[in-house]
Amino acid sequence: MTADSWLKGARGLAVAAGGLDFATGLGLVGAPAFTLARMGAPVPGGEALLYVRFVGVFVAAVGASYLGALALGGARRLRSVFEFTLLFRLGAGTFTGLAVARGLLAPAWLAVTATDFALVGAQSWLLTKGAGRHG
């Protein structure tokens, strides 16, 4: 994989992952019941929606990290974001998968598990290609 093709793939992934997380996070903050319903997840009541909004801030911040690296340009910044977000994605994907398996979250949350694990795979693949280490 050439440095140019790596950067093109990294940019595409950053737009997709960043846009998805940023928009979802903003939705969870501004309209949590609407956003959860669009996800097919049950909408909790009362105080629980406050915690959904709190989680939304973190989801939006992760998305903003991809978009910020993209806006600032450069393979090194994208590489850093891909490295940094791996842990968050592994944690979120594992948590939601286990919570569904234990009956604590509805099966609709497996979409979060699948998305996070797919992004871990894509980011890891790009990182192993080595591009962006010095660019």
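Whatever comes next refers back to the structure up there.
Criteria and thresholds
Residues numbered from 1 in each chain as written. Predicted model: local features only at pLDDT ≥ 70, side-chain atom pairs only at ≥ 80, totals over all residues. Heavy atoms only, no water. Axes fitted to C-alpha atoms, helices over the stretch in contact; angles between N-to-C directions. Helix = DSSP H or I, 4+ residues; strand = E, 2+ residues; numbered from the N terminus. Parallel < 35°, antiparallel > 145°, perpendicular 65-115°, else oblique. Left-handed = near helix turned anticlockwise from the far one by under 90°. Contact = heavy atoms within 4.5 Å. Nonpolar A, V, L, I, M, F, W, Y, C, P; charged D, E, K, R; others polar. Salt bridge = Lys/Arg side-chain N within 4 Å of Asp/Glu carboxyl O. Buried < 20%, exposed > 50% of the residue type's maximum accessible area, 1.4 Å probe, protein only. Core = buried A, V, L, I, M, F, W, Y, C linked by side-chain atoms within 4.5 Å. Expected span 1.5 Å × (residues − 1). Patch = residues over 30% accessible without salt bridge, like charges linked within 9 Å, V, L, I, M, F, W, Y side chains within 5 Å. Areas by Shrake-Rupley, 256 points an atom, 1.4 Å probe, with all protein chains shown as cover. Bend = angle between axes of the 7 residues up to and from the residue.

S.K.: Would you explain the packing of helix H1 (residues 3–30) against helix H4 (residues 75–101) in this entry?
M.R.: Where H1 meets H4, the axes come as close as 11 Å, and the angle between the chain directions of the two elements is 45 degrees. In terms of orientation, H1 and H4 fall into the oblique class. Note that H1 runs across H4; the crossing there is left-handed. Across the interface between the two elements, Trp6, Leu7, Ala10, Arg11, Leu13, Ala14, Ala17 and Asp21 of H1 pack against Ala75, Leu78, Arg79, Phe82 and Arg89 of H4. A class-by-class count of the residues in the contact of H1 with H4 yields 9 nonpolar, no polar and 4 charged.

S.K.: It is not clear to me how the pattern of salt bridges should be interpreted in this structure. Could you clarify?
M.R.: Oppositely charged side chains can pair when the atoms bearing their charge come close. All chains considered together, the criterion is met by 3 salt bridges. Across the pair Arg79 and Glu83 runs a salt bridge whose closest N-O atoms are separated by 3.5 Å. One end of the pair, Arg79, and the other, Glu83, are both in helix H4, 4 residues apart, so they sit about a helical turn from each other. Here Glu83 falls in the partly exposed class, since its relative accessible area comes to 43%. With its nearest N and O atoms 2.5 Å apart, the salt bridge here joins Arg89 to Asp116.

S.K.: Please clarify how the nonpolar core should be interpreted in this entry.
M.R.: Burial of nonpolar side chains together is a common tendency in soluble globular proteins. In this structure, Trp6, Tyr66, Leu78 and Phe82 are the most contacted members of the largest nonpolar core, which totals 18 residues. Of all the secondary-structure elements, those providing two or more residues to this core are H1, helix H3 (48–72), H4 and helix H5 (110–128). When residues of this core are assigned to their parent elements, the largest contribution, 6 residues, is made by H1. If we ignore the near neighbours within four places in the chain, the residues touching Leu78 are Trp6, Leu7, Ala10, Arg11, Ala14, Ala69 and Leu70.

S.K.: In this structure, what is going on with H1? I would like to understand it.
M.R.: For H1, spanning 28 residues, the distance from its first C-alpha to its last is 39 Å, which sits close to the expected 40 Å at 1.5 Å a residue. Those residues of H1 lying buried are Trp6, Leu7, Ala10, Leu13, Ala14, Ala17, Gly18, Asp21, Gly25, Gly27 and Leu28. The elements touched by buried residues of H1 are helix H2 (32–39), H3, H4 and H5.

S.K.: Is there a simple way to explain a nonpolar patch on the surface in this structure?
M.R.: A contiguous nonpolar surface patch, about 330 Å² in accessible area, is contributed by Phe54, Val57 and Phe58. Examined against the element boundaries, Phe58 turns out to sit in helix H3.

S.K.: I'm lost on H4 in this one. Help?
M.R.: Residues three or four positions apart in an α-helix share a direction because the helix packs 3.6 residues into each turn. End to end, H4 covers 38 Å across 27 residues, agreeing with the expected 39 Å (1.5 Å per residue, within 8%). At Thr85, H4 shows its strongest bend, of approximately 35 degrees. Gly103 sits one or two positions beyond H4 and adopts a positive phi of about 80 degrees.

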